[in-house]
Amino acid sequence: HAILKRKHVFDSCGLAHKIVTLNYNANYLKNLNIHHIRADSFLNLYDDYQYLIFAALRSNTLEDYLSHIAGEVTLEKNNANTDVKVYINGNYLFYIHFFSNGNISYINYFDKARKKFKRALYTESGYLSKEIYLEKNQVKSCLYYNQQGIVVLEEHYTQDNQLSYLSLKESDGSSCFFQDRDQWI
């Protein structure tokens with residue numbers, strides 16, 4: 001709220017400003033639109049590498065996703081058709097949640113024992129943004145993607161859920177390693 005109040009003061013005085021955020025949020029665009037914040041006055045650390053917040057809308061529906069899957073697909077709808085369990089050849093493999101525009105919000109992946117081992121998060125505009133890999137319901141690593149589906153940032157965690165290191169993938173193919181977010185920022 002303080003940031004928005006400062007923005008309104010700067011706007012009323014005609015002062016140039018830029019809102020800078022350091023946290024991950026795959027769907028900033030909705031909030032930016034609500035508060036009339038333009039792309040040229042907003043910078044997010046994650047999006048500086050991902051370029052997803054202001055990406056053009058594309059289709060990422062259940063039908064789009066299922067078109068790449070082989071085998072006998074069975075769907076079980078939940079929660080007033082906003083969630084779907086996906087069975088392939090009788091095996092429960094995916095739990096998919098959707099945005100109101102029909103695009104996929106996230107997909108939970110399950111192994112044969114029905115243990116969740118991965119969650120893929122998408123933007124409302126249809127892009128894969130982040131994959132979270134789990135082991136015994138603990139986050140082990142997170143991969144962040146750009147518009148082309150290329151990993152631009154990796155986070156790896158210890159057994160006690162502490163960030164072990166960050167790996168930032170540069171456009172020239174090299175990587176920079178950081179022991180914590182403070183070093184990265």
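Below you will find a few notes about this structure.

Cut-offs used in this document
Residues numbered from 1 in each chain as written. Predicted model: local features only at pLDDT ≥ 70, side-chain atom pairs only at ≥ 80, totals over all residues. Heavy atoms only, no water. Salt bridge = Lys/Arg side-chain N within 4 Å of Asp/Glu carboxyl O. Helix = DSSP H or I, 4+ residues; strand = E, 2+ residues; numbered from the N terminus. Buried < 20%, exposed > 50% of the residue type's maximum accessible area, 1.4 Å probe, protein only. Phe/Tyr/Trp six-rings, centres within 6.5 Å; stacked < 30°, edge-to-face > 60°. Lys NZ or Arg CZ within 6 Å of the ring centre and 35° of its normal. Core = buried A, V, L, I, M, F, W, Y, C linked by side-chain atoms within 4.5 Å. Contact = heavy atoms within 4.5 Å. Polar contact = N/O pair within 3.5 Å; in protein donor to acceptor, adjacent residues only side chain to side chain.

Structural notes on the pattern of salt bridges
So, point 1. Summed over the entire model, instances satisfying the criterion amount to five salt bridges.
So, point 2. Residues Lys 7 and Asp 11 are paired through a salt bridge, measuring 2.5 Å at the closest nitrogen-oxygen approach. Taken together, the residues Lys 7 and Asp 11, both in helix 1 (residues 2-13) and four residues apart, mark about one turn of the helix.
So, point 3. For Lys 7, a relative accessible area of 7% corresponds to the buried category.
So, point 4. As a salt-bridge pair, Lys 30 and Glu 124 come within 3.5 Å of each other at their nearest N and O atoms. A residue pair is termed long-range when its members are at least 10 positions apart, and Lys 30 in helix 2 (residues 28-34) and Glu 124 in the loop between strand 7 (116-122) and strand 8 (128-135) qualify at 94 residues.
So, point 5. The exposure class assigned to Glu 124 is buried, which follows from its relative accessible area of 18%.

A closer look at the packing of aromatic side chains
So, point 1. Counted under the stated rule, the structure contains eleven aromatic pairs.
So, point 2. Judged by centre distance (5.7 Å) and plane angle (75°), the ring pair of Tyr 24 and Tyr 46 falls under edge-to-face. In this pair, Tyr 24 sits in the loop between strand 1 (19-21) and helix 2 while Tyr 46 sits in the loop between strand 2 (42-44) and helix 3 (47-50), placing the two residues 22 residues apart along the sequence. As far as the burial class goes, Tyr 24 and Tyr 46 line up, both buried.
So, point 3. For the pair Tyr 65 and Phe 94, a centre-to-centre distance of 5.6 Å together with 90° between the ring planes defines the contact as edge-to-face. Taken together, the residues span a long stretch of sequence, with Tyr 65 in helix 4 (residues 62-66) and Phe 94 in strand 5 (residues 91-98) at a distance of 29 residues.
So, point 4. Connected via pairs of aromatic rings, a cluster forms that spans Tyr 65, Phe 94, Tyr 109 and Phe 117.
So, point 5. The ring of Tyr 92 carries Lys 85 above its face, with NZ or CZ at 5.4 Å from the centroid.

Concerning the nonpolar core
So, point 1. In this structure, Tyr 24, Tyr 46, Tyr 144, Leu 153, Leu 166 and Trp 184 are the most contacted members of the largest nonpolar core, which totals 22 residues.
So, point 2. Going through the elements one at a time, strand 5, strand 6 (104-110), strand 8, strand 9 (138-145), strand 10 (151-157) and strand 11 (163-169) are the ones with two or more residues in this core.
So, point 3. If near-sequence neighbours (up to four positions away) are discounted, Trp 184 is found in contact with Leu 45, Tyr 46, Tyr 49, Leu 153, Leu 166, Leu 168 and Phe 178.

Notes on the side chain of Thr 21
So, point 1. Along the chain, Thr 21 falls in strand 1.
So, point 2. Polar contacts involving the side chain of Thr 21 include one to the side chain of Asn 44, which spans 2.8 Å.
So, point 3. Thr 21 has contacts with Tyr 28, Phe 42, Leu 43, Asn 44 and Leu 45, leaving out every residue within four places of it along the chain.

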